[in-house]
Amino acid sequence: MPLLFPRDDAIDVRHRYKPDIIKGDMDSIRTEVLDFYTNLGTKVVDESHDQDTTDLRKCVAYVRDLAPNLDKSNLCILVAGALGGRFDHEAGNINVLYRFSTIRIILLSDDCLIYLLPRTHHHEIHIQSSVEGPHCGLIPIGMTSVSTTTTGLQWDLTNTEMRFGDMVSTSNLVQGEKITVQSSSDLLWTISIKM
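Residues numbered from 1 in each chain as written. Predicted model: local features only at pLDDT ≥ 70, side-chain atom pairs only at ≥ 80, totals over all residues. Heavy atoms only, no water.

Quick word on the overall build of the protein chain
Alright, step 1. When helices and strands are tallied, the protein chain shows four helices and 12 strands.
Alright, step 2. Dimensions of the protein chain, computed from C-alpha atoms along their principal axes, come out at roughly 55 × 40 × 35 Å.
Alright, step 3. Expressed as a percentage of the 195 residues in the protein chain, the buried residues total 38%.
Alright, step 4. Taking all contacts inside the protein chain whose residues are at least 6 apart in sequence as the whole, residues at least 24 apart take part in 62%.
Alright, step 5. Treating the 18 positive side-chain charges of the protein chain as one cloud and the 26 negative ones as another, the clouds have centres 4 Å apart. (Helix = DSSP H or I, 4+ residues; strand = E, 2+ residues; numbered from the N terminus. Buried < 20%, exposed > 50% of the residue type's maximum accessible area, 1.4 Å probe, protein only. Contact = heavy atoms within 4.5 Å. Lys, Arg positive; Asp, Glu negative; His and termini not counted. Charge placed at Lys NZ, Arg CZ, Asp CG, Glu CD.)

What follows is the structure, given as C-alpha cells:
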C-alpha cells in the first residue's frame, strides 16, 4: 500500500477501500487480516472445498456472474499483486486471462502490467507515458502466432511468426502514444510501469 498511497496511513486506506467480499480457499490469508475485514463488514465466502480452481478464477467468475445481464464489454478487472511471487501462482493468474478472454483483466505488479490481446480483435493500445513504458513485450502462450504485425514499437513486427522456443517479442520499447497489434493468435501484452 505504500506504493499506491504513499502519503496515506495504511489503516486509513484499509478503511476507505474495504472489499465487499473476500472469496477463496482461505489458505493464504492471515487470521488477523481476515478478522480485520470481517469486523468492518466484509462478506467472507470460504471455498476451501474447491481446490480445482484458483482464488483469482473464483473471484473473476463471481464478478462476471454478479450482474449476468450486464454488457461486459466495458468491464475491466484490475488485479493488484498478481505478479512477482511464486511462478506457479503467476502462471495460474495468466491462465485466468485465457479462461475469461472476453473480459478485460489486467494483472498488476510493482513494475509491470499484463493483459490478454485476443486474436479476434485489431488492438489499439494507448500509452500513458507518464506511468507506462518504455519496456514492453508481446508473448504468445500455448500456440504459435503465425502472423503478428505491430506499429509504434522500436522493433515493429511485420507478419512475424512467434512461438516459444523461437522468436518472442520481449525487451521491446514503445515509441509513441499508440501501439497497434494484429495477430493470428492470442498474445500477452506486457509493459513496464512507473510508480
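After presenting the structure, the write-up continues.
Let's talk about the side chain of Ser-185
Alright, step 1. Within the fold, Ser-185 resides in the loop between β11 (178–183) and β12 (187–193).
Alright, step 2. Each residue touching Ser-185, except ones within four places of it in the same chain, is listed here: Leu-117, Arg-119, Pro-140, Met-143, Thr-144 and Ser-145.

Some details on helix α4 (residues 87–99)
Each α-helix turn comprises 3.6 residues. Residues three or four places apart therefore point the same way.
Alright, step 1. The end-to-end C-alpha distance of α4, which contains 13 residues, comes to 18 Å, matching closely the 18 Å that a straight helix rising 1.5 Å per residue would cover.
Alright, step 2. Every buried residue belonging to α4 is among Glu-90, Gly-92, Asn-93, Ile-94, Val-96 and Leu-97, and all of these are buried.
Alright, step 3. Those residues of α4 that are buried are in contact with α3 (55–66), β4 (104–108), β5 (112–117) and β12. (Expected span 1.5 Å × (residues − 1).)

As for the UniProt feature "domain: Thiamin pyrophosphokinase thiamin-binding" (unreviewed entry) in the protein chain
Alright, step 1. Here the UniProt-annotated "domain: Thiamin pyrophosphokinase thiamin-binding" (unreviewed entry) positions come out as residues 121–188.
Alright, step 2. Span residues 121–188 is 0% helix and 53% strand, its end C-alpha atoms 13 Å apart. (UniProt positions renumbered as here; feature names shortened; annotations may be inferred.)

Brief notes about the packing of α3 against α4
Alright, step 1. Two numbers describe how α3 lies on α4: the axes approach to 9 Å, and their chain directions differ by 30 degrees. The orientation of α3 with respect to α4, classified from their angle, is roughly parallel. In terms of crossing hand, the pair formed by α3 and α4 is right-handed. Contact residues: Leu-56, Arg-57 and Val-60 in α3; Asn-93, Val-96 and Arg-99 in α4.
Alright, step 2. Among the residues forming the contact of α3 with α4, the class breakdown is three nonpolar, one polar and two charged. (Axes fitted to C-alpha atoms, helices over the stretch in contact; angles between N-to-C directions. Parallel < 35°, antiparallel > 145°, perpendicular 65-115°, else oblique. Left-handed = near helix turned anticlockwise from the far one by under 90°. Nonpolar A, V, L, I, M, F, W, Y, C, P; charged D, E, K, R; others polar.)

Regarding the sheet that holds strand β10 (residues 169–173)
Alright, step 1. Strand order in the open sheet formed by six strands is β3-β4-β5-β12-β7-β10, and the pairing between neighbours is mixed. Looking at strand neighbours, the two that pair on one side only are β3 (76–80) and β10, the edges of this open sheet. Strand-to-strand twist across the sheet, computed as the mean angle between neighbouring axes with direction ignored, equals 20 degrees.
Alright, step 2. Where β4 lies against β5, two bridges are found, and the strand directions are antiparallel. Bridge pairing links Leu-108 to Leu-113 in β5.
Alright, step 3. Across the face of the sheet, α4 comes into contact with β4, β5 and β12 while running at roughly 165 degrees to β4. (Pairing = 2+ DSSP bridges.)

Regarding the pattern of salt bridges
Alright, step 1. Scanning the model with the defined rule gives eight salt bridges in all.
Alright, step 2. Ionic pairing is found between Asp-65 and Arg-64, a salt bridge with its closest N-O pair at 2.7 Å.
Alright, step 3. Between Glu-161 and Arg-163 there is a salt bridge, and its shortest N-O distance comes to 2.4 Å.
Alright, step 4. The class for Glu-161 is partly exposed, based on a relative accessible area of 35%.
Alright, step 5. On the basis of relative accessible area, Arg-163 is assigned to the partly exposed category, the value being 32%.
Alright, step 6. Sharing partners across several salt bridges, the network here consists of Glu-161, Arg-163 and Asp-166. (Salt bridge = Lys/Arg side-chain N within 4 Å of Asp/Glu carboxyl O.)

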